[in-house]
Amino acid sequence: MTRAITLLALLALAGPVPGCASAQVDAPGSASRPAGTMSPSDSALEAQTTALASELRCPVCQGNSIQDSPSELAQQMRDVIRDQLRAGKTPDEVREYFVDKYGEWILLSPRAEGLNLVVYLVPLLAIMIGGLVVWRSVRRWTAGSSSPLQGP
Amino acid sequence: MNWRRAVIATGLLLPVIGLLAFGLTRDPKAIDSPLPGKPAPDFSLSVFAPGEGTLAMSIGDTVKLAEHRGGIVVLNFWASWCLACRDEHLDLSKAARAYHDRGVRFYGLLYNDQESSGRKWIEDMGGQAYPSLLDPRTRTAIDYGLYGVPETFFVTSDGRVAYKHIGPISERQLAQKLDSLLRESPGTQ
(Lines give C-alpha, C1' and ligand atoms only; values in the text may rest on other atoms or scores of the structure.)
Protein backbone atom coordinates (compact mmCIF):
# COMPACT_ATOMS: atom_id res chain seq x y z
CA MET A 1 0.00 0.00 0.00
CA THR A 2 2.78 2.40 1.04
CA ARG A 3 4.73 1.47 -2.07
CA ALA A 4 1.69 2.27 -4.25
CA ILE A 5 1.26 5.69 -2.63
CA THR A 6 4.99 6.44 -3.11
CA LEU A 7 4.75 5.47 -6.78
CA LEU A 8 1.72 7.73 -7.30
CA ALA A 9 3.51 10.63 -5.63
CA LEU A 10 6.57 10.13 -7.84
CA LEU A 11 4.38 10.05 -10.94
CA ALA A 12 2.67 13.26 -9.90
CA LEU A 13 6.03 14.98 -9.35
CA ALA A 14 7.36 13.75 -12.68
CA GLY A 15 4.73 15.80 -14.55
CA PRO A 16 2.57 14.81 -17.50
CA VAL A 17 3.03 11.32 -18.82
CA PRO A 18 4.26 11.33 -22.43
CA GLY A 19 1.33 10.98 -24.75
CA CYS A 20 -0.99 12.70 -22.24
CA ALA A 21 0.57 16.11 -22.82
CA SER A 22 -1.77 19.06 -22.91
CA ALA A 23 -2.83 20.58 -26.19
CA GLN A 24 -0.35 23.50 -25.84
CA VAL A 25 1.35 22.74 -29.11
CA ASP A 26 2.42 25.45 -31.50
CA ALA A 27 0.04 25.72 -34.39
CA PRO A 28 1.58 25.06 -37.78
CA GLY A 29 3.40 28.12 -38.99
CA SER A 30 3.35 29.82 -35.63
CA ALA A 31 6.55 31.00 -33.96
CA SER A 32 8.17 28.33 -31.87
CA ARG A 33 8.77 30.88 -29.08
CA PRO A 34 7.20 29.81 -25.80
CA ALA A 35 4.14 31.78 -24.78
CA GLY A 36 4.91 34.81 -22.63
CA THR A 37 8.39 35.40 -24.02
CA MET A 38 9.30 38.31 -26.32
CA SER A 39 11.28 38.60 -29.52
CA PRO A 40 14.50 40.67 -29.30
CA SER A 41 12.77 43.63 -30.99
CA ASP A 42 9.87 43.38 -28.51
CA SER A 43 12.31 43.30 -25.58
CA ALA A 44 14.13 46.34 -26.96
CA LEU A 45 10.81 48.18 -27.33
CA GLU A 46 9.83 47.22 -23.78
CA ALA A 47 13.21 48.33 -22.45
CA GLN A 48 12.85 51.70 -24.21
CA THR A 49 9.27 52.06 -22.94
CA THR A 50 10.36 51.27 -19.38
CA ALA A 51 13.28 53.71 -19.57
CA LEU A 52 11.07 56.54 -20.86
CA ALA A 53 8.22 55.74 -18.45
CA SER A 54 10.73 55.97 -15.57
CA GLU A 55 11.58 59.54 -16.60
CA LEU A 56 7.98 60.80 -16.66
CA ARG A 57 6.00 61.85 -13.61
CA CYS A 58 2.62 60.27 -13.03
CA PRO A 59 -0.01 63.06 -13.11
CA VAL A 60 -2.25 61.37 -10.53
CA CYS A 61 0.34 60.22 -7.96
CA GLN A 62 2.68 62.36 -5.93
CA GLY A 63 6.28 61.87 -7.01
CA ASN A 64 5.90 58.51 -8.76
CA SER A 65 7.02 57.84 -12.29
CA ILE A 66 4.44 56.44 -14.69
CA GLN A 67 6.56 53.26 -14.69
CA ASP A 68 6.11 52.83 -10.93
CA SER A 69 2.53 54.04 -10.67
CA PRO A 70 -0.22 51.42 -10.60
CA SER A 71 -2.84 53.96 -11.74
CA GLU A 72 -4.91 53.43 -14.85
CA LEU A 73 -3.77 56.74 -16.37
CA ALA A 74 -0.11 55.76 -15.92
CA GLN A 75 -0.82 52.43 -17.63
CA GLN A 76 -2.45 54.27 -20.53
CA MET A 77 0.47 56.67 -20.75
CA ARG A 78 2.87 53.72 -20.94
CA ASP A 79 0.73 52.39 -23.82
CA VAL A 80 1.07 55.78 -25.57
CA ILE A 81 4.87 55.62 -25.18
CA ARG A 82 4.97 52.06 -26.53
CA ASP A 83 2.71 52.92 -29.49
CA GLN A 84 4.68 56.02 -30.41
CA LEU A 85 8.01 54.18 -30.24
CA ARG A 86 6.55 51.36 -32.32
CA ALA A 87 5.36 53.95 -34.86
CA GLY A 88 8.98 55.04 -35.28
CA LYS A 89 9.20 58.10 -33.01
CA THR A 90 12.49 58.62 -31.23
CA PRO A 91 12.60 58.72 -27.39
CA ASP A 92 13.24 62.48 -27.61
CA GLU A 93 10.11 62.96 -29.75
CA VAL A 94 8.01 60.92 -27.31
CA ARG A 95 9.40 62.92 -24.37
CA GLU A 96 8.58 66.14 -26.25
CA TYR A 97 5.02 64.93 -26.85
CA PHE A 98 4.42 64.62 -23.10
CA VAL A 99 6.13 67.97 -22.37
CA ASP A 100 3.82 69.58 -24.99
CA LYS A 101 0.78 68.17 -23.19
CA TYR A 102 1.75 68.44 -19.52
CA GLY A 103 4.60 70.94 -19.53
CA GLU A 104 8.10 70.53 -18.09
CA TRP A 105 6.41 69.34 -14.89
CA ILE A 106 6.06 65.88 -16.43
CA LEU A 107 9.84 65.37 -16.44
CA LEU A 108 11.04 63.86 -13.16
CA SER A 109 14.50 65.32 -13.85
CA PRO A 110 14.11 68.88 -15.11
CA ARG A 111 16.25 69.85 -18.10
CA ALA A 112 19.52 71.50 -17.10
CA GLU A 113 18.77 74.83 -18.77
CA GLY A 114 17.46 78.29 -17.86
CA LEU A 115 15.92 78.66 -14.40
CA ASN A 116 16.10 74.85 -13.96
CA LEU A 117 19.86 75.23 -13.48
CA VAL A 118 19.08 76.44 -9.94
CA VAL A 119 18.01 72.88 -9.04
CA TYR A 120 21.38 71.53 -10.17
CA LEU A 121 23.62 74.37 -8.97
CA VAL A 122 22.20 75.02 -5.48
CA PRO A 123 23.21 71.56 -4.10
CA LEU A 124 26.71 72.00 -5.58
CA LEU A 125 26.95 75.44 -4.03
CA ALA A 126 25.74 74.09 -0.67
CA ILE A 127 28.37 71.31 -0.78
CA MET A 128 31.09 73.85 -1.62
CA ILE A 129 30.04 76.20 1.20
CA GLY A 130 29.79 73.26 3.62
CA GLY A 131 33.23 72.07 2.55
CA LEU A 132 34.67 75.54 3.11
CA VAL A 133 33.14 75.76 6.59
CA VAL A 134 34.49 72.30 7.52
CA TRP A 135 37.95 73.14 6.10
CA ARG A 136 38.14 76.42 8.02
CA SER A 137 36.96 74.78 11.27
CA VAL A 138 39.46 71.92 10.95
CA ARG A 139 42.23 74.43 10.22
CA ARG A 140 41.32 76.44 13.32
CA TRP A 141 41.22 73.31 15.53
CA THR A 142 44.52 71.99 14.27
CA ALA A 143 46.13 75.42 14.61
CA GLY A 144 44.88 75.60 18.22
CA SER A 145 46.16 72.11 19.16
CA SER A 146 49.60 72.62 17.53
CA SER A 147 50.41 75.77 19.60
CA PRO A 148 53.39 75.18 21.99
CA LEU A 149 52.44 74.13 25.48
CA GLN A 150 53.53 76.54 28.11
CA GLY A 151 55.29 75.13 31.13
CA PRO A 152 54.50 76.05 34.72
CA MET B 1 33.52 89.62 13.86
CA ASN B 2 30.08 88.42 14.97
CA TRP B 3 28.36 90.96 12.72
CA ARG B 4 30.17 89.47 9.69
CA ARG B 5 28.95 85.99 10.53
CA ALA B 6 25.43 87.32 10.99
CA VAL B 7 25.50 89.01 7.58
CA ILE B 8 26.79 85.85 5.85
CA ALA B 9 24.23 83.63 7.60
CA THR B 10 21.40 86.02 6.71
CA GLY B 11 22.61 86.22 3.10
CA LEU B 12 22.55 82.45 2.86
CA LEU B 13 19.29 81.90 4.69
CA LEU B 14 17.20 84.61 3.04
CA PRO B 15 17.08 83.02 -0.44
CA VAL B 16 16.19 79.65 1.12
CA ILE B 17 13.39 81.22 3.19
CA GLY B 18 12.20 83.11 0.10
CA LEU B 19 12.13 79.89 -1.94
CA LEU B 20 10.17 78.06 0.78
CA ALA B 21 7.72 80.97 1.10
CA PHE B 22 7.17 80.92 -2.68
CA GLY B 23 6.55 77.17 -2.47
CA LEU B 24 3.84 77.72 0.13
CA THR B 25 1.89 79.94 -2.27
CA ARG B 26 1.68 77.15 -4.86
CA ASP B 27 -0.59 74.11 -4.97
CA PRO B 28 1.70 71.11 -5.56
CA LYS B 29 -1.18 69.24 -7.19
CA ALA B 30 -1.92 71.98 -9.73
CA ILE B 31 -0.22 71.42 -13.05
CA ASP B 32 0.02 74.47 -15.26
CA SER B 33 -1.17 73.42 -18.69
CA PRO B 34 1.01 74.46 -21.60
CA LEU B 35 -1.99 74.10 -23.94
CA PRO B 36 -3.71 77.52 -23.70
CA GLY B 37 -2.79 79.50 -26.80
CA LYS B 38 -1.78 76.38 -28.73
CA PRO B 39 -3.85 74.52 -31.35
CA ALA B 40 -6.37 72.22 -29.68
CA PRO B 41 -5.44 68.56 -30.22
CA ASP B 42 -7.72 67.19 -32.89
CA PHE B 43 -9.93 64.18 -32.31
CA SER B 44 -12.53 62.05 -33.99
CA LEU B 45 -14.73 60.38 -31.39
CA SER B 46 -18.12 58.71 -31.42
CA VAL B 47 -21.23 59.79 -29.58
CA PHE B 48 -22.49 57.40 -26.88
CA ALA B 49 -24.96 59.73 -25.14
CA PRO B 50 -27.01 61.76 -27.63
CA GLY B 51 -27.90 64.92 -25.73
CA GLU B 52 -31.33 66.50 -25.84
CA GLY B 53 -33.59 68.57 -28.08
CA THR B 54 -31.91 70.71 -30.73
CA LEU B 55 -28.50 69.84 -29.27
CA ALA B 56 -29.00 66.10 -29.80
CA MET B 57 -26.94 63.89 -32.09
CA SER B 58 -27.36 60.20 -32.88
CA ILE B 59 -25.54 57.51 -30.94
CA GLY B 60 -22.56 56.38 -33.02
CA ASP B 61 -22.20 59.70 -34.86
CA THR B 62 -18.59 60.85 -35.20
CA VAL B 63 -17.54 64.23 -33.84
CA LYS B 64 -14.41 65.73 -35.36
CA LEU B 65 -13.01 68.80 -33.72
CA ALA B 66 -11.54 69.99 -37.03
CA GLU B 67 -15.08 70.36 -38.38
CA HIS B 68 -15.91 72.96 -35.73
CA ARG B 69 -13.68 75.76 -37.05
CA GLY B 70 -15.62 79.00 -36.94
CA GLY B 71 -17.41 78.15 -33.71
CA ILE B 72 -16.44 77.94 -30.05
CA VAL B 73 -16.28 74.44 -28.56
CA VAL B 74 -16.45 73.52 -24.88
CA LEU B 75 -14.99 70.12 -24.00
CA ASN B 76 -15.81 68.73 -20.58
CA PHE B 77 -14.00 65.59 -19.41
CA TRP B 78 -16.09 63.70 -16.87
CA ALA B 79 -16.70 60.26 -15.36
CA SER B 80 -19.53 58.54 -13.54
CA TRP B 81 -17.22 57.83 -10.57
CA CYS B 82 -16.33 61.53 -10.25
CA LEU B 83 -18.21 63.20 -7.40
CA ALA B 84 -17.21 66.74 -8.40
CA CYS B 85 -18.73 66.15 -11.85
CA ARG B 86 -22.16 66.10 -10.20
CA ASP B 87 -21.68 69.68 -9.01
CA GLU B 88 -21.16 71.10 -12.49
CA HIS B 89 -23.50 68.85 -14.46
CA LEU B 90 -26.59 71.05 -14.37
CA ASP B 91 -24.63 74.25 -15.01
CA LEU B 92 -22.98 72.77 -18.09
CA SER B 93 -26.33 71.70 -19.51
CA LYS B 94 -27.84 75.15 -18.84
CA ALA B 95 -24.91 76.92 -20.52
CA ALA B 96 -24.99 74.50 -23.48
CA ARG B 97 -28.65 75.42 -24.11
CA ALA B 98 -28.10 79.14 -23.53
CA TYR B 99 -25.15 79.47 -25.91
CA HIS B 100 -26.20 77.02 -28.63
CA ASP B 101 -27.75 79.75 -30.79
CA ARG B 102 -24.50 81.73 -30.59
CA GLY B 103 -22.59 78.91 -32.22
CA VAL B 104 -21.09 77.39 -29.07
CA ARG B 105 -21.00 73.59 -29.02
CA PHE B 106 -20.57 71.55 -25.86
CA TYR B 107 -19.28 67.98 -25.74
CA GLY B 108 -18.74 65.69 -22.79
CA LEU B 109 -15.81 63.25 -23.02
CA LEU B 110 -16.01 60.15 -20.86
CA TYR B 111 -12.76 59.60 -18.98
CA ASN B 112 -11.61 56.16 -17.79
CA ASP B 113 -15.10 54.81 -17.51
CA GLN B 114 -17.51 52.28 -18.95
CA GLU B 115 -20.02 53.42 -21.56
CA SER B 116 -22.87 51.74 -19.64
CA SER B 117 -21.86 53.50 -16.38
CA GLY B 118 -21.74 56.82 -18.23
CA ARG B 119 -25.23 56.30 -19.69
CA LYS B 120 -26.66 55.28 -16.32
CA TRP B 121 -25.07 58.30 -14.63
CA ILE B 122 -26.65 60.66 -17.19
CA GLU B 123 -30.00 58.97 -16.64
CA ASP B 124 -29.64 59.23 -12.84
CA MET B 125 -28.70 62.90 -13.15
CA GLY B 126 -31.87 63.63 -15.11
CA GLY B 127 -30.25 63.90 -18.55
CA GLN B 128 -27.49 65.85 -20.25
CA ALA B 129 -28.32 68.62 -22.75
CA TYR B 130 -25.28 68.05 -25.00
CA PRO B 131 -23.77 64.89 -26.51
CA SER B 132 -21.08 62.88 -24.75
CA LEU B 133 -18.30 61.04 -26.54
CA LEU B 134 -16.27 57.93 -25.88
CA ASP B 135 -12.51 58.32 -25.58
CA PRO B 136 -11.07 54.84 -26.16
CA ARG B 137 -7.85 54.17 -24.21
CA THR B 138 -7.99 57.75 -22.90
CA ARG B 139 -5.93 58.94 -25.87
CA THR B 140 -7.74 62.27 -26.25
CA ALA B 141 -7.54 62.91 -22.51
CA ILE B 142 -3.74 62.40 -22.62
CA ASP B 143 -3.57 64.61 -25.75
CA TYR B 144 -5.20 67.34 -23.65
CA GLY B 145 -2.79 66.78 -20.74
CA LEU B 146 -5.57 65.65 -18.45
CA TYR B 147 -4.75 64.57 -14.91
CA GLY B 148 -8.16 64.32 -13.34
CA VAL B 149 -11.82 65.04 -13.78
CA PRO B 150 -13.64 67.27 -14.18
CA GLU B 151 -11.58 69.43 -16.52
CA THR B 152 -13.10 71.79 -19.06
CA PHE B 153 -11.40 73.19 -22.16
CA PHE B 154 -12.56 76.16 -24.23
CA VAL B 155 -11.57 75.99 -27.89
CA THR B 156 -11.67 79.18 -29.96
CA SER B 157 -13.25 79.52 -33.40
CA ASP B 158 -9.79 79.23 -34.96
CA GLY B 159 -9.09 75.96 -33.13
CA ARG B 160 -6.85 77.12 -30.29
CA VAL B 161 -7.21 76.20 -26.62
CA ALA B 162 -8.28 79.42 -24.91
CA TYR B 163 -8.70 78.26 -21.31
CA LYS B 164 -8.46 75.16 -19.21
CA HIS B 165 -10.61 74.94 -16.11
CA ILE B 166 -9.72 72.41 -13.44
CA GLY B 167 -12.45 71.17 -11.10
CA PRO B 168 -16.17 71.77 -11.23
CA ILE B 169 -17.17 74.82 -13.28
CA SER B 170 -20.17 77.01 -12.48
CA GLU B 171 -22.71 78.58 -14.81
CA ARG B 172 -21.26 82.01 -13.98
CA GLN B 173 -17.70 80.95 -14.84
CA LEU B 174 -18.91 79.38 -18.08
CA ALA B 175 -20.79 82.55 -19.01
CA GLN B 176 -17.79 84.77 -18.18
CA LYS B 177 -15.41 82.76 -20.33
CA LEU B 178 -17.84 82.25 -23.20
CA ASP B 179 -18.88 85.93 -23.26
CA SER B 180 -15.23 86.96 -23.34
CA LEU B 181 -14.47 84.53 -26.19
CA LEU B 182 -17.54 85.66 -28.13
CA ARG B 183 -16.48 89.28 -27.73
CA GLU B 184 -13.04 88.44 -29.11
CA SER B 185 -14.54 86.68 -32.13
CA PRO B 186 -17.87 88.43 -32.84
CA GLY B 187 -18.31 86.70 -36.21
CA THR B 188 -18.51 83.32 -34.49
CA GLN B 189 -21.46 81.21 -35.59
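Okay, so let's go over this structure.

About the cut-offs
- Residues numbered from 1 in each chain as written.
- Chains lettered and ligands numbered in written order.
- Predicted model: local features only at pLDDT ≥ 70, side-chain atom pairs only at ≥ 80, totals over all residues.
- Heavy atoms only, no water.
- Contact = heavy atoms within 4.5 Å.
- Buried area = accessible area lost by both parts, 1.4 Å probe.
- Salt bridge = Lys/Arg side-chain N within 4 Å of Asp/Glu carboxyl O.
- Polar contact = N/O pair within 3.5 Å; in protein donor to acceptor, adjacent residues only side chain to side chain.
- Helix = DSSP H or I, 4+ residues; strand = E, 2+ residues; numbered from the N terminus.
- Buried < 20%, exposed > 50% of the residue type's maximum accessible area, 1.4 Å probe, protein only.
- Pairing = 2+ DSSP bridges.
- Right-handed = clockwise from strand over helix to strand, strands pointing away.
- Disulfide = S-S within 2.5 Å.
- Patch = residues over 30% accessible without salt bridge, like charges linked within 9 Å, V, L, I, M, F, W, Y side chains within 5 Å.
- Areas by Shrake-Rupley, 256 points an atom, 1.4 Å probe, with all protein chains shown as cover.
- Lys, Arg positive; Asp, Glu negative; His and termini not counted.
- Charge placed at Lys NZ, Arg CZ, Asp CG, Glu CD.
- Expected span 1.5 Å × (residues − 1).
- Axes fitted to C-alpha atoms, helices over the stretch in contact; angles between N-to-C directions.
- Parallel < 35°, antiparallel > 145°, perpendicular 65-115°, else oblique.
- Left-handed = near helix turned anticlockwise from the far one by under 90°.
- Nonpolar A, V, L, I, M, F, W, Y, C, P; charged D, E, K, R; others polar.

### Considerations on the interface of chain B and chain A
Item 1. Each partner contributes residues to the interface: chain B has 21 residues there, and chain A has 20 residues.
Item 2. Both sides together, the interface formed by chain B and chain A hides about 1600 Å², and carbon and sulfur atoms give 52% of it.
Item 3. Remark: the boundary between chain B and chain A carries 2 salt bridges.
Item 4. Residue R137 of chain B pairs with D83 of chain A through a salt bridge whose shortest N-O separation is 3.2 Å.
Item 5. Scanning the region where chain B abuts chain A turns up 7 residue pairs in polar contact (both at pLDDT 80 or more).
Item 6. Secondary-structure elements contributing two or more residues to the side of chain B that touches chain A are α1 (2–24) and α4 (139–143) of chain B.
Item 7. Looking at which element gives the most residues to the side of chain B that touches chain A, the answer is α4 of chain B, with 4 residues.

### What to know about unusual backbone geometry
All names here are of chain B.
Item 1. Of note, the bond from V149 into P150 is cis; its omega dihedral lies within 30 degrees of zero at 0°.
Item 2. For T138, which is not a glycine, the phi torsion comes out positive at approximately 60°.
Item 3. Examined against the element boundaries, T138 turns out to sit in the loop between β5 (132–134) and α4.
Item 4. Judged by relative accessible area, T138 falls into the buried class, the value being 3%.

### Comments concerning the pairing of strand β3 (residues 73–78) of chain B
Residues and elements named next belong to chain B.
Item 1. Most of β3 is tucked away, with 6 of its 6 residues classed as buried.
Item 2. Covered by surrounding structure in β3 are V73, L75 and F77 together with V74, N76 and W78, the residues of both alternating faces.
Item 3. Note: β3 against strand β4 (residues 105–110), 6 bridges, orientation parallel. Bridged to W78 within β4 is L110.
Item 4. A crossover connection joins β3 to the parallel β4 through helix α2 (residues 84–99); in handedness this β-α-β unit is right-handed.
Item 5. Sheet topology places β3 next to strand β6 (residues 151–155); 5 bridges connect them, and they run antiparallel.

### What to know about the state of the cysteines
All names here are of chain B.
Item 1. Under the defined criterion, the tally for this structure stands at 1 disulfide over all chains.
Item 2. The disulfide bridge from C82 ends at C85, spanning 2.2 Å between sulfur atoms. Torsion about the S-S bond of the C82 and C85 cystine: about 95°, corresponding to right-handed handedness.
Item 3. For C85, a relative accessible area of 2% corresponds to the buried category.

### Quick word on a positive patch on the surface
Item 1. Side chains of R136, R139 and R140 of chain A together with R4 and R5 of chain B sit close together on the surface and give a patch of like positive charge.
Item 2. Where the positive patch is concerned, the elements lending two or more residues are α5 (117–145) of chain A together with α1 of chain B.

### Topic: helix α3 (residues 72–86) of chain A
All names here are of chain A.
Item 1. End to end, α3 covers 21 Å across 15 residues, agreeing with the expected 21 Å (1.5 Å per residue, within 8%).
Item 2. Burial runs high along α3: 11 of the 15 residues are buried.
Item 3. Burial in α3 covers these residues: L73, A74, Q76, M77, R78, D79, V80, I81, R82, Q84 and L85.
Item 4. At the C-terminal side of α3, G88 shows a positive phi close to 105°.

### Thoughts on the side chain of H165 of chain B
Residues and elements named next belong to chain B.
Item 1. Its place among the elements puts H165 in strand β7 (residues 161–166).
Item 2. Polar side-chain contacts of H165 include one of 3.2 Å to the backbone oxygen of P168.
Item 3. Among residues more than four places away in sequence, those in contact with H165 are P150, E151, T152, Q173 and K177.

### Thoughts on the packing of α2 of chain B against helix α5 (residues 171–184) of chain B
Residue and element names in this part refer to chain B.
Item 1. Their axes nearest at 9 Å, the elements α2 and α5 cross at an angle of 30°. Taken together, the axes of α2 and α5 lie roughly parallel to each other. The two elements α2 and α5 meet at a crossing, and its hand is right-handed. When α2 is examined against α5, the residues D91, L92, K94, A95 and Y99 are found in contact with a partner set consisting of E171, L174, A175, L178, D179 and L182.
Item 2. Taken together, the residues of the contact of α2 with α5 break down into 7 nonpolar, no polar and 4 charged.

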